[in-house]
Amino acid sequence: MKHGFIFTGTEPKLAVELAALAEEHGWQGFFVWEGIWATDPWATLAAAAMVTERIRLGTMLTPVPRRRPWELAGQTMTVDRLSKGRVILGAGVGWLREEFEALAAPSFEERGAVTDEYLAIMRAAWTTDPVAF
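Since the structure is predicted, the reported quantities are computational estimates derived from the model, not experimental observations. Residue numbers restart at each chain and count upward from 1, following the sequence in its written direction. For a predicted model such as this one, the threshold for reporting local features is a pLDDT of at least 70, and the threshold for listing and counting side-chain atom pairs is 80 or more; totals across whole chains, interfaces and linings nevertheless cover every residue. To obtain the side-chain values, all non-hydrogen atoms of the structure were used and water was disregarded.

### Some words on the side chain of Thr 44
Moving on, step 1. Secondary structure follows DSSP: runs of H or I at least 4 residues long count as helices, runs of E at least 2 residues long count as strands, and numbering of each begins at the N terminus. If you trace the backbone, Thr 44 turns up in helix α2 (residues 41–51).
Moving on, step 2. Should any heavy atoms of two residues lie within 4.5 Å, those residues are considered in contact. Setting aside anything within four residues of it in sequence, one finds Thr 44 in contact with Pro 12, Ala 15, Val 16, Val 32 and Thr 39.

### With respect to unusual backbone geometry
Moving on, step 1. Looking along the chain, the bond that leaves Met 60 and enters Leu 61 is cis, with omega of -10°.
Moving on, step 2. Mapped onto the elements of the fold, Leu 61 is located in the loop between β3 (56–59) and β4 (62–63).
Moving on, step 3. Look at the link from Asp 129 to Pro 130: it is a cis peptide, with omega at 0°.
Moving on, step 4. Residue placement: Pro 130 occurs in the segment after α5 (111–127).
Moving on, step 5. Its identity is not glycine, yet Lys 84 carries a phi of approximately 60°, on the positive side.

Right, dumping it as structure tokens:
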């Protein structure tokens, strides 16, 4: 991928329109910012998947330890199926201590180990039926 567009706004309808325009004008990727009080990135990307055919779709970036791994696995799998395999999960550990405290997420100090564990759970959810962890 040489060129990707990052949407940092809060209006999902605009994001979907921009994803279609980005694809029309030759961009290879369309990414939605994921913040605590922002537009839901995976719902927005699901809508974008329905109006695009080639452009890769993903987040910039998903702080994995702030999310429930089974929900994130389901959201990413849904968008991947709708888009016929065009999802990119931009996975990170998170960096803002206050977000972890506000969400009662795993502790800020444990976020690296929790990210590894959650990614393992997600891999199992994507490839194993039934999942045991």
